[in-house]
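So you can see what is in the structure, the chains are spelled out below.
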Amino acid sequence: MAGKSISYARYGYIFSVPFVVAFLIFSFYPIVYTIFIGFTDLKGLINTEINILSEPLRNFRTILSMDSFKKSLSNTVIIWIFNFIPQITIAFLLAAWFTNRRFRVKGQGVFKVLIYMPNIITAATIAMLFYSLFGYPKGPINDAFMQFGITTEPLNFHLQKWTARGVVAFIQFWMWYGHTMIVLIAGVLGISPTLFEAAEIDGASASQIFFKITLPSLKTIVIYTLVTSMIGGMQMFDIPKLFLLGGPDNATLTTSVFIYNQAFSGSYFYNRAAAASMIMFVIISILSAIIFFTLRDKEEIQLQRKKRARIKAAKLAERGLAV
Amino acid sequence: MMNHSMSAATNVMKTVIYIVCIFFAVLSIFPFWIMFMNATRGTFEIQQNSIAFFPSTHLISNFKILTGKSFNPLVGFMNSMLISSGATFCAVYFSSLTAFALVAYSWKMRQPFFTFIMAVLMIPAQVSGIGFYQFMYRIGWTNSLWPLILPAIASPAVVFFMRQYLLATLSLDVVNSARIDGSGEFATFNRIILPIMKPAMATQAIFSFVFSWNELFRPLILLTDNEKYTMPIMVSLLRGDIYKTEYGSVYLGLSLTVLPLFIIYFLLSKYIIEGVALGSIKE
């Protein structure tokens, strides 16, 4: 028995094989293939011939000079901002209330379940539902507005740029603030309770506790939420696609809808869509890199910090000696 | 005196909090309530007043109009069910296996592999969509359900969650004693590790299922045969001109696409909320 040792390391490799194979086939190869198509003349529904362009960057140049692409980028940013600011504000407010020990809000379980609910419902269905809710001239929202005397005649939400964008941003907000709230609550509950107790004993007010203890402790989680929301915002597809098909006048055209329209409608410009995908990929990669570095091993960062502090202390001591 | 005024202020604040919370709860329910109620109301009723708090009697006639056109809820339900169940099985089983490889064995590439999984965590389907479509087109897999199921074998986010769970719960003694009993490594995984992971698998199964059920982009580019349509694609049919004035049927169609989700949600909401909270603590 003794001395008989078998290395099991190979099972680590064997059990990772399905993941790696599926990743290579369904993610890696399609990405490489997309990059390749970006440099070719592939277009048309039934065309199977691919030739690399004599001027390889032409698709990228075309895309970057297209007004609708620029518009799709700015729309994506505008819609994202109008969704994210209320989202994080209200999520924070609710998280602060639900975790506050002085208020002891009852029925939290029910509130959480209801507020989170829109997040798991099909986005496509929600987009179409809101299309009906904001119907013109008759629709639930217009009916309610007229009944309460907010407006005297029905509003055509679908025809005006800012109301259309506003509704898309609202849907996005409405689907995600519950999720953000739960993430923030989990973060607050992760903070050591002794910190709060000490602050309370020192007579800190609720807002002081929030800004001096809660917020700084949640820094990582807030950055994480911010960046995942930005990446999610870049991908926004289902809602603008089904709400107003990118209209009116491209006001709700997002980058993903732009890519879809290039490749799967009109002239079937797969090559241009691929080039636009790559531009989007670069933007998302930069955002991902930010999150990756902020979530890096915390201990490592702390070790580095301690090291730096020690060096600083040593220097100070040296100077002190010199003086 | 001071205590009294402070508790009065707290009470005012508490009232404000409840009002705001109830407002948001109603905001969540209201659109869906209108949707379910209008699904039972006739077009004429909806034109008279599109807000109703109680159901009416036109459910069956709405259903007949809905299915009399292009919308076939049974086909959509079956396809969505097949894809979501298949993808959920793949995501949960193979992610557990990958997580087991990452936790139970020390191999040279373990750390680089994990770093790699973290790095690809955020890559969305859209960026590779064009290449994915062309690849599937060339091998004749458009209008097949496989390209919507098999990619779930590589689900980085699920692997990440499973790894965290195993790190917290798995004692390597379990694996070692199984070895002494003569169990093979793969058998150990299936018979001993998987049962340990049940709670994590249940949580991730819910999320994988919902994610798959709701997905629009990949099904929309791959499936053109209406016998293969999934529920979210069916939704896009409701936008067509043939349903333009059939308000009740549109609301019914929308209700049918999300009914399974509502059932899942209200049965499992406790685990779902817990799962969101757990998944968020990435430190």
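Since this is a predicted model, take the numbers as computed values, not measurements.

Trainee: How should the overall build of chain B be read in this particular structure?
Mentor: Secondary structure summary: chain B contains 14 helices and zero strands in total. Starting at the N terminus and ending at the C terminus, chain B contains elements arranged as α-α-α-α-α-α-α-α-α-α-α-α-α-α. Its C-alpha atoms give chain B a radius of gyration of 24 Å, clearly above 19 Å, the size a compact globule of 283 residues would have. Oriented by its inertia axes, the alpha-carbon framework of chain B measures out at about 80 × 75 × 35 Å. Across the 283 residues in chain B, those meeting the buried criterion constitute 53%.

Trainee: In this structure, what is going on with unusual backbone geometry? I would like to understand it.
Mentor: Both trends apply: most residues other than glycine have a negative phi, and most peptide bonds are in trans. Residues and elements named next belong to chain A. At the junction of tyrosine 136 and proline 137, the peptide bond is cis and its omega measures out at 0° in the coordinates. Summarising the element assignment, proline 137 is placed in the loop between helix 5 (123-133) and helix 6 (140-147). The backbone phi angle of leucine 245 is positive, close to 55°, even though this residue is not glycine. Here leucine 245 lies in the loop between helix 11 (238-243) and helix 12 (255-264). Despite not being glycine, asparagine 250 has its phi angle at roughly 60°, a positive value. One can find asparagine 250 in the loop between helix 11 and helix 12. Here asparagine 250 falls in the partly exposed class, since its relative accessible area comes to 31%.

Trainee: It is not clear to me how the nonpolar core should be interpreted in this structure. Could you clarify?
Mentor: Inside soluble globular proteins, nonpolar side chains tend to come together where they are buried. Membership of the largest hydrophobic core comes to 191 residues, with the highest contact counts inside it found for Leu94(A), Phe130(A), Phe32(B), Phe100(B) and Ile130(B). Here this core gets 16 residues from one element, more than from any other, and that element is helix 7 (residues 161-190) of chain A. If you count residues domain by domain, this core takes at least three from each of domain 1 (2-65) and domain 2 (72-237) of chain B. Not counting residues within four places of it along the chain, the set of residues in contact with Leu94(A) comprises Ile115(A), Tyr177(A), Met181(A), Cys21(B) and Phe24(B).

Trainee: I would appreciate a short explanation of a nonpolar patch on the surface in the present structure.
Mentor: All names here are of chain A. Taken together, the side chains of Val17, Val20, Val21, Leu24, Ile25, Phe28 and Val32 define a hydrophobic patch exposed on the protein surface, amounting to about 530 Å² of accessible area. As for its position among the elements, valine 20 is in helix 1 (residues 9-38). The class of valine 20 is partly exposed, set by a relative accessible area of 33%.

Trainee: So what exactly am I meant to see when it comes to the interface of chain B and chain A here?
Mentor: Think of interface size as the accessible area that goes away when the parts come together; that is how it is often given. Of the residues lining the interface, 96 residues belong to chain B; the matching set on chain A comes to 99 residues. Taken over both partners, the interface formed by chain B and chain A buries close to 8,800 Å², and the fraction arising from carbon and sulfur atoms is 78%. By the criterion of area lost to chain A, the three top residues of chain B are Met122(B), Ile130(B) and Arg239(B), representing 9% of everything that side buries. Counting across the chain B and chain A interface gives 19 residue pairs in polar contact (both at pLDDT 80 or more). It is helix 1 (residues 2-38) of chain B that contributes the most residues to the side of chain B that touches chain A, 17 residues altogether. Taken together, the residues of the side of chain B that touches chain A break down into 69 nonpolar, 19 polar and eight charged.

Trainee: Could you clarify how one ought to interpret the pattern of salt bridges in this entry?
Mentor: Two side chains bearing opposite charge may form a pair once their charged atoms approach each other closely. Taken as a whole and judged by the stated rule, the model has six salt bridges over all chains. Between Lys138(A) and Asp143(A) there is a salt bridge, with its nearest N and O atoms 3.3 Å apart. By relative accessible area, Lys138(A) is classed as partly exposed at 34%. Its relative accessible area of 9% is what places Asp143(A) among the buried residues. With a closest N to O distance of 3.8 Å, Glu246(B) and Lys69(B) form a salt bridge.

Scoring rules and cut-offs
In this numbering scheme, every chain counts its residues from 1 along its sequence in written order. Naming scheme: in the order in which they are written, chains are lettered from A and ligands are numbered from 1. The predicted nature of this model means local features are confined to residues of pLDDT at least 70 and side-chain atom pairs, given and counted, to a pLDDT of 80 or more, with totals for whole chains, interfaces and linings taken over all residues. Excluded from the side-chain calculations are hydrogens and water; all other atoms, namely the structure's heavy atoms, are used. Numbering of helices and strands runs from the N terminus, with a helix taken as a DSSP run of H or I at least four residues long and a strand as a DSSP run of E at least two residues long. For this measure, only C-alpha atoms enter the radius of gyration; the expected value for a globule follows 2.2 Å times N^0.38, where N is the number of residues. Think of it in three bands: residues with accessible area under 20% of the maximum for their type are buried, residues over 50% are exposed, and the middle band is partly exposed, with areas taken using a 1.4 Å probe on protein chains only. We call a set of buried Ala, Val, Leu, Ile, Met, Phe, Trp, Tyr and Cys residues a nonpolar core when their side-chain atoms join them within 4.5 Å. An automatic or database domain assignment supplies the residue ranges for each domain. Should any heavy atoms of two residues lie within 4.5 Å, those residues are counted as being in contact. A residue counts toward a patch only above 30% relative accessible area and without a salt bridge, and it is joined to like-charged neighbours within 9 Å or, for Val, Leu, Ile, Met, Phe, Trp and Tyr, to nonpolar neighbours within 5 Å. Using the Shrake-Rupley algorithm and a 1.4 Å probe, accessible areas are obtained, with residue cover drawn only from the displayed protein chains. In what follows, salt bridge is the name for a side-chain nitrogen of Lys or Arg lying within 4 Å of a carboxyl oxygen of Asp or Glu. By definition, the buried area sums, over both parts, the 1.4 Å-probe accessible area that each loses when the two are put together. Whenever a nitrogen or oxygen atom comes within 3.5 Å of another N or O atom, the pair is scored as a polar contact, on the condition that within protein one atom can donate a hydrogen and the other can accept it, and that pairs from neighbouring residues in sequence are kept only if both atoms are in side chains. Three categories are distinguished: nonpolar for Ala, Val, Leu, Ile, Met, Phe, Trp, Tyr, Cys and Pro, charged for Asp, Glu, Lys and Arg, and polar for the others, with Gly belonging to the last.

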